[in-house]
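Letter by letter, the chains look like this.
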Amino acid sequence: MRPILHIVLLFVTGLALISNPGPVWADETVAPFGFGIGTFSYDETLQHLSEKGWKFVEYEKKQFKQIDRASPGRGENTFLKIMDHNLSGVKSLLFFFGPQKTLRAILINLEPQLFAVTMANLDSKYRVLQKKLDGEYYSSEYPHILYEKSDVTIELQMYSPHRVRLLYVESLVWENYRNFLQKENEPHLNQENSKASMKDQ
């Protein structure tokens with residue numbers, strides 16, 4: 001089996017675990033990698049990370065300032081950057097917590113070649129809210145697909161040909177996280193605008 005095909009097959013198998021650790025998708029809880037969106041507390045998340053052997057660094061959500069392990073503010077409006085997940089096809093993982101120290105969102109950065117197979121898998125599992133594949137790269141109108149299950153919104157994003165993300169987030173705060181991620185993309189947008197400006201000179 002060719003290496004790239006092997007990676008794709010591993011990831012498709014992993015997507016079943018991403019959305020529900022059960023065997024037939026009967027559970028209404030959306031739980032990427034077994035972490036329940038909107039249901040897991042901060043402590044439950046840390047326990048599950050420990051069981052998986054995944055190390056992390058924690059940051060303040062607004063200022064991106066690293067938080068000390070002894071800080072009383074851990075888990076309150078913070079996010080975890082997972083350091084060593086060893087998942088095929090996954091470039092990085094971020095876990096976001098709200099003011100009540102509950103897991104509000106998980107952001108998965110994917111290898112770009114997995115966009116199509118991930119979309120096909122999600123299409124078969126969730127209700128499609130919106131599918132916009134003719135969007136504009138490096139903008140707020142990038143190609144994306146929105147899905148929904150229970151109180152969770154799932155968005156598969158192709159911000160650029162080299163930047164693909166899968167976001168699981170509580171539906172009530174989906175717009176807030178989309179804006180947050182757009183701000184994260186601003187350096188990439190400015191870089192592309194600079195390149196275009198140089199070509200015009």
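Just to check I follow, could you spell out the overall build of the chain for this structure?
Across its full length, the chain holds four helices and eight strands. A total of 201 residues make up the chain; the buried ones form 46% of that total. If you take every contact in the chain between residues at least 6 apart in sequence, the share linking residues at least 24 apart comes to 43%. Put simply, the chain shows about 10700 Å² of open surface, and 52% of that area lies on carbon and sulfur atoms.

What should I look at first to understand the pattern of salt bridges in this one?
Once their charged atoms are close, side chains differing in charge can pair, the charge on each being opposite to the other. The final tally for this structure, using the stated rule, is five salt bridges. One salt bridge in this structure joins Lys-131 and Asp-123, with 2.8 Å as the shortest N-O distance. Between Asp-134 and Lys-132 there is a salt bridge whose closest N-O contact spans 3.8 Å. Judged by relative accessible area, which is 65%, Asp-134 ranks as exposed.

When you look at the pairing of strand β8 (residues 163-170) in this model, what are you seeing that I'm missing?
The two faces of the sheet receive side chains in turn, since in a regular strand these alternate between them. Burial analysis of β8 places eight of its eight residues in the buried class, which makes it a mostly covered element. Burial along β8 is two-sided: the residues Arg-163, Arg-165, Leu-167 and Val-169 and Val-164, Leu-166, Tyr-168 and Glu-170 are all buried. Where strand β4 (residues 103-110) meets β8, six bridges bridge the pair, whose relative direction is antiparallel. Residue pairing in the sheet places Leu-107 in a bridge with Leu-167 of β8. Bridging between strand β7 (residues 152-160) and β8 involves eight bridges; their strand directions are antiparallel. Looking across to β8, one finds that Gln-157 is bridged to Arg-165. The hairpin turn running from β7 into β8, its antiparallel successor, is two residues long.

It is not clear to me how the confidence of the model for the chain should be interpreted in this structure. Could you clarify?
Atom-level detail of predicted coordinates should not be read off regions where pLDDT is low. When pLDDT is averaged along the chain, the result is 81; 76% of the residues meet or exceed 70. Here helix α1 (residues 3-19) stands out as the element of the chain with the lowest mean pLDDT, 43, in contrast to helix α2 (residues 42-52), whose mean of 97 is the highest. Every residue in residues 1-14 is under pLDDT 50, and counting partners more than four places away or in other chains gives 15 contacts. In the model, residues 188-201 has pLDDT below 50 throughout and makes six contacts with residues more than four positions away in sequence or in other chains.

Is there a simple way to think about the sheet that holds β8 in this case?
Two pairing modes exist for strands in a sheet, parallel and antiparallel, and in both the strands are linked by backbone hydrogen bonds. Ordered by their spatial adjacency, eight strands build an open sheet running β1-β2-β3-β4-β8-β7-β6-β5, and the pairing between neighbours is antiparallel. Edge positions in the sheet fall to β1 (56-60) and β5 (127-132), since each has one partner strand and no second. Across the sheet, the mean angle from the axis of one strand to that of its neighbour is 15°, orientation sign disregarded. Helix α3 (residues 115-125) rests against β4, β5, β6 (144-149), β7 and β8 of the sheet, and its axis sits at about 160° to β7.

How should α2 be read in this particular structure?
Residues spaced three or four apart along an α-helix face the same direction, because each turn holds 3.6 residues. Those residues of α2 not exposed but buried are Tyr-42, Thr-45, Leu-46, His-48 and Leu-49. Burial along α2 is one-sided: seen end-on, the buried residues are contained in an arc of 165°. Summarising the geometry of α2, the exposed residues directed more than 90 degrees from the buried face are Asp-43, Ser-50 and Glu-51. Against β1, β2 (78-82), β3 (90-97) and β4 lie the buried residues of α2. Downstream of α2 by a residue or two, Gly-53 has a phi angle that is positive, lying close to 75°.

Is there a simple way to think about the environment of Leu-94 in this case?
Among the secondary structure elements, Leu-94 is positioned in strand β3. By relative accessible area, Leu-94 is classed as buried at 11%. For the pair Leu-94 and Ile-108, spaced 14 residues apart in sequence, the C-alpha to C-alpha distance is 6.7 Å. Those residues in contact with Leu-94 that lie beyond four places of it in its chain are Phe-79, Leu-80, Lys-81, Ala-105, Ile-106 and Leu-107.

Sorry, what's going on with the pairing of β4 here?
Of all eight residues in β4, eight are buried; the element is thus mostly enclosed. Hairpin connection of β3 to β4: five residues between the antiparallel strands, including Lys-101 at a positive phi of 60°.

Conventions used here
- Residues numbered from 1 in each chain as written.
- Predicted model: local features only at pLDDT ≥ 70, side-chain atom pairs only at ≥ 80, totals over all residues.
- Heavy atoms only, no water.
- Helix = DSSP H or I, 4+ residues; strand = E, 2+ residues; numbered from the N terminus.
- Buried < 20%, exposed > 50% of the residue type's maximum accessible area, 1.4 Å probe, protein only.
- Contact = heavy atoms within 4.5 Å.
- Areas by Shrake-Rupley, 256 points an atom, 1.4 Å probe, with all protein chains shown as cover.
- Salt bridge = Lys/Arg side-chain N within 4 Å of Asp/Glu carboxyl O.
- Pairing = 2+ DSSP bridges.
- pLDDT = per-residue confidence, 0-100.
- Axes fitted to C-alpha atoms, helices over the stretch in contact; angles between N-to-C directions.
- Arc of directions from axis to C-beta.

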